[in-house]
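Letter by letter, the chains look like this.
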Amino acid sequence: MSNQRQASSASQVPHLSPAELSYLYTSLSLPKTPIRPDGRSPTQFRPLTAETNILPGTNGSARIGFADGTQAIVGVKAEVEKTVLSNETLARNDGGAGHEHGDQEGSAAVGGHGSWVQMSIEIPGFRDDDALPVFLSEMMRESLVGAVGTDETSDMTGGLKGRLVINKRWHWRLYIDVLLLSQPLAYPLPLLSLTTHLALLSTKLPKLKSQGEEDPFFDDDWAVAEYLYPRPSLSSGGKKSARSSFVRPPVTLLVISVGDNIIFDPNREEIAVADAVLAISITRDSEAGNLKLLSIRTVDPPSRLTPPGVPNSENVSMLGAVAPTEDVAVLNPATGEEEVPGVWRPRRGGVKRSVIAEMVKTALKKGGVGEEVLEGLEGVEVS
Amino acid sequence: MLRANSANTQDFRFWALDVSDNFVYLSTFHVKEIKMMADRRRINGPPGGTRPAVFASNLQSGTSATDRAQRQRQPSELRKIFLKTGLIPTASGSSYLEFEPSASLAAARANPKSLIPPSSALKLACTVHGPKPLPRSAAFSPNLVLTTHVKYAPFAARQRKGHIRDSSERDLGVHLETALRGAIIAERWPKSGLDITITILEAEDDRWWGSAPDSHDASWGMMNVLAGCITAASAAIADAHIDCLDLVAGGVAAIVSDETTGASTGAPKLMLDTDPAEHRSILSACVVAYMPARDEITELWLKGDSSKASLENNDDRTGHEALIDGAVDAARGAHTVLAEAVRESLLRTVGQI
């Protein structure tokens, strides 16, 4: 029970000794060339296997498995629902033209509503009202409904929310159910986010046959169903420039800073020694094809909960065994605290603004990590 | 019974005497059945819910653009904060925080036109219990175990909140925990727990009440609430004499576009300490928990599209950097209030000794 409470802090206490933590931290904070336990480069993701459309009963689904055995399944289901209009909106629409443009534009009938996207995350060992699933689902839903496309010509005006509008009286409701199949070995955010992205890419909605304000009526041929996120057609596409003009679901990247280094997609051991953990949601800007920042959240680094190591100078059993001059206190450049080399201290304090700026820049820059991830997911065959 | 009514009293007595036990039992059972279905002891409202009557005249005047709350402050001017510690004697530390009501609210109070207040101002109370020993059943912890609990009072927002915490309240709790854990020196209290409970008495609006409920449905008010929670919790922790690296203060900045002024000046602008009720459309907002002495951020929550902010020409920061800097400036402002409140708390403790 208490373990559960502790884990509710959006992070899990790793079972590593202070000596192991100190070793990890030292190798990860080597200036410019961090050495990761699994030999990856700082921006490299873990290898993964992905497949889509695995659940026949859903509108779209995906499964992603990391090499360490963690797997997630996402199913997306859509339902048609009647749009509830408030009294005032109705009155205003009836009342006609006298009222200003701004409020009309903002109503749900046109712009969509964030609550039409529902997300639930199931993680083994956690209750669905525990803090970790709630925090993760809010984080992913927020970037999903927050992504607003600016492309006036396409269907995706108003982003995902706008796409869910059928007409003034009807809309789609989207249920995104995320299931983590294995124990959460590492912080499960990257896995869940990538799987959700893939499932949304493969989501199809039945083709609408009715027009305008009629009650919606759909084509019952599943073969002509349209993708929720329109994909480049084979005839017109092929070129990268055409591809980039499509709105894509966001991905949330987990970034940590250790010393002066910035490391993407940390595994369990790496996140245990992180100075700061950030979840950065990005998507493709529909206009320029550049990447766009949607949201940033700090995640509580588990390193704050780790047990401290005891320097020899304070260790009673080592009294007289070591010359006192061996323990030289140094200032940790990241936290500005006195530290004895090789002795682990739980991290304290926060993150500098320059580090945050650097993390976002690395994620967003052209040819950077974000682009690589989005390209990679785009390449997954959607059948 | 019908027979009893139609017959004379003599007959009725005879009939009543003649009634077997079985019949009496059946009838009481019947009444019980009905009671289980509908609560007869209390006067209940209609099951479907009601809407207050809206009169056409009110609709015309109430939602007109002139009654809309307008920001009277400068873009970098913060609202005044009332912060007092030690108001709850049973807790080891406590604080109460209030934001200054907006100018439009003050005007509406002085000269009421409608029963609905145009905007709301944050009011919240924070209690800190501990450090106290962890229960025997708990696993060993070398650090102070922090528990945060944020709850809206049922009457706090325009829409009633339930008694059980919903997902947004749990989310706020996690944000607050992240913000505070970076500041508290946790290894000085092994095997101890610290409970921080925040009750929000009045929450910030997510939008102006009169605009369509979906015009911008993101919960921008939650960010202001979080900033208030961080500042108040920091004061309460200091009031409970728990060692911290620095006082953490919360600050909010947002990129807003007010279309009222027309397309000419419609470019999105950066504003500090925004009240969502005062703005047409908030594009992006950011809340930070900031420690000025170390120039570090323990909690950052940014959402929305920050790329369209129009900054000064000589400003080469990107939108999100400017937004974070703005939030940090707001937090610096809150920090001065916080420091003063903590000083008062300290003087009071010294006076008691």
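Reading the values: rules and limits
- Residues numbered from 1 in each chain as written.
- Chains lettered and ligands numbered in written order.
- Predicted model: local features only at pLDDT ≥ 70, side-chain atom pairs only at ≥ 80, totals over all residues.
- Helix = DSSP H or I, 4+ residues; strand = E, 2+ residues; numbered from the N terminus.
- Buried ≥ 20, exposed ≤ 12 C-beta atoms within 10 Å, placed from the backbone.
- Contact = placed C-beta atoms within 7 Å.
- Axes fitted to C-alpha atoms, helices over the stretch in contact; angles between N-to-C directions.
- Parallel < 35°, antiparallel > 145°, perpendicular 65-115°, else oblique.
- Left-handed = near helix turned anticlockwise from the far one by under 90°.
- Expected span 1.5 Å × (residues − 1).
- Arc of directions from axis to C-beta.
- Nonpolar A, V, L, I, M, F, W, Y, C, P; charged D, E, K, R; others polar.
- Pairing = 2+ DSSP bridges.
- pLDDT = per-residue confidence, 0-100.
- Core = buried A, V, L, I, M, F, W, Y, C linked by C-beta atoms within 7 Å.

1. A word on the overall build of chain B
Here's step 1: Helix and strand content of chain B: eight helices and nine strands.
Here's step 2: Classification of the 353 residues of chain B by burial places 45% in the buried group.
Here's step 3: In chain B, the share of contacts with a sequence separation of at least 24, taken over all contacts with a separation of at least 6, comes to 72%.

2. Topic: the overall build of chain A
Here's step 1: If you tally the helices and strands in chain A, you get 12 helices and 13 strands.
Here's step 2: Classification of the 383 residues of chain A by burial places 45% in the buried group.
Here's step 3: Contacts in chain A between residues far apart in sequence, at least 24 positions, make up 65% of those at least 6 positions apart.

3. Details of unusual backbone geometry
Here's step 1: The linkage connecting Gly-130 of chain B with the following residue, Pro-131 of chain B, adopts the cis geometry, with an omega of 0 degrees.
Here's step 2: Residue position: Pro-131 of chain B is located in strand E3 (residues 123–133).
Here's step 3: Unlike most non-glycine residues, Lys-32 of chain A shows phi in positive territory, near 70 degrees.
Here's step 4: Examined against the element boundaries, Lys-32 of chain A turns out to sit in the loop between helix H2 (18–28) and strand E1 (48–52).
Here's step 5: Although it is not a glycine, Asp-273 of chain B adopts a positive phi angle of roughly 50 degrees.
Here's step 6: By the element assignment, Asp-273 of chain B lies in the loop between strand E7 (269–272) and strand E8 (281–291).
Here's step 7: Exposure remark for Asp-273 of chain B: the 26 C-beta atoms within 10 Å place this residue in the buried category.

4. Focus: the packing of helix H6 (residues 167–181) of chain B against helix H7 (residues 220–239) of chain B
Packed helix pairs are specified by the crossing angle of their axes together with the interaxial distance, meaning the distance between the axes.
Residue and element names in this part refer to chain B.
Here's step 1: Where H6 contacts H7, the axes come no closer than 10 Å and their chain directions differ by 45 degrees. For the element pair H6 / H7, the angle class is oblique. The way H6 lies across H7 gives a crossing that is right-handed. In this structure, H6 uses Ser-168, Leu-172, His-175, Leu-176, Ala-179 and Leu-180 to contact H7, whose residues at the interface are Met-222, Val-225, Leu-226, Cys-229, Ile-230, Ala-233 and Ile-237.

5. Describing helix H11 (residues 353–364) of chain A
All names here are of chain A.
Here's step 1: The terminal C-alpha atoms of H11, which comprises 12 residues, lie 17 Å apart, in line with the 16 Å expected from a rise of 1.5 Å per residue.
Here's step 2: If you check which residues of H11 are buried, you get Val-355, Ile-356, Met-359, Val-360 and Ala-363. Take H11 and look down its axis: the buried residues cluster within an arc of 130 degrees, on one side only.

6. What about the packing of helix H6 (residues 131–146) of chain A against H6 of chain B?
Here's step 1: In the contact formed by H6 of chain A and H6 of chain B, the axes pass within 9 Å of each other and the chain directions differ by 100 degrees. The orientation of H6 of chain A relative to H6 of chain B falls into the category roughly perpendicular. Where H6 of chain A approaches H6 of chain B, its residues Ala-131, Val-134, Phe-135 and Glu-138 of chain A are matched on the opposing element by Ser-167, Arg-170, Asp-171, Gly-173 and Val-174 of chain B.
Here's step 2: Residue composition of the contact of H6 of chain A with H6 of chain B, grouped by class: four nonpolar, two polar and three charged.

7. Details of the sheet that holds E7 of chain B
Across a sheet, paired strands are connected by hydrogen bonds in the backbone, their directions being either parallel or antiparallel.
Here's step 1: If you trace the eight strands from one edge of the open sheet to the other, you get E9(A)-E8(A)-E10(A)-E11(A)-E9(B)-E8(B)-E6(B)-E7(B), paired in antiparallel fashion. Sheet topology places strand E9 (261–264) of chain A together with E7 of chain B at the edges, where each strand pairs with a single neighbour. Going across the sheet, the axis of each strand differs from the next one's by a mean of 25 degrees, ignoring polarity.
Here's step 2: Examined bridge by bridge, strand E6 (residues 249–257) of chain B and E7 of chain B share four bridges and lie antiparallel to one another. Its bridge partner being in E7 of chain B, Ile-255 of chain B is matched across the sheet by Leu-270 of chain B.

8. Quick notes on the sheet that holds strand E2 (residues 60–66) of chain A
All names here are of chain A.
Here's step 1: Pairing is mixed across the open sheet formed by five strands, whose spatial order is E1-E2-E3-E5-E4. Bordering the open sheet on either side are E1 and strand E4 (117–122), each of which pairs with just one other strand. This sheet shows a mean twist of 15 degrees between the axes of neighbouring strands, independent of strand direction.
Here's step 2: Bridge analysis of E2 against strand E3 (residues 71–82) gives six bridges, and the strand direction is antiparallel. Pairing of Ala-62 across the sheet is with Val-74, part of E3.
Here's step 3: The strands touched by helix H8 (residues 189–201) are E1, E2, E3, E4 and strand E5 (170–180); relative to E2, the strand with the most contacts, the crossing angle is about 145 degrees.

9. Some points on the confidence of the model for chain B
Here's step 1: In this model, chain B carries an average pLDDT of 80, and 78% of its residues clear a pLDDT of 70 or more.
Here's step 2: Taken together, the stretch residues 1–35 of chain B has pLDDT below 50 and engages in six contacts with residues farther than four places along the chain or on a different chain.

10. Overview of the nonpolar core
Residues and elements named next belong to chain B.
Here's step 1: Core analysis: the largest hydrophobic core is formed by 165 residues, its most contacted members being Leu-226, Cys-229, Ala-233, Val-288 and Ala-327.
Here's step 2: Looking at which element gives the most residues to this core, the answer is H7, with 14 residues.
Here's step 3: Leaving out residues up to four positions away in the same chain, Cys-229 has contacts with Leu-124, Val-150, Leu-172, Leu-176, Ile-198 and Gly-250.

11. Things to note about the environment of Ala-267 of chain B
Residues and elements named next belong to chain B.
Here's step 1: By the secondary structure assignment, Ala-267 is in the loop between E6 and E7.
Here's step 2: A tally of 10 C-beta atoms within 10 Å means that Ala-267 is categorised as exposed.
Here's step 3: Note: C-alpha distance between Ala-267 and Asp-166 (101 residues apart in sequence) is 36 Å.

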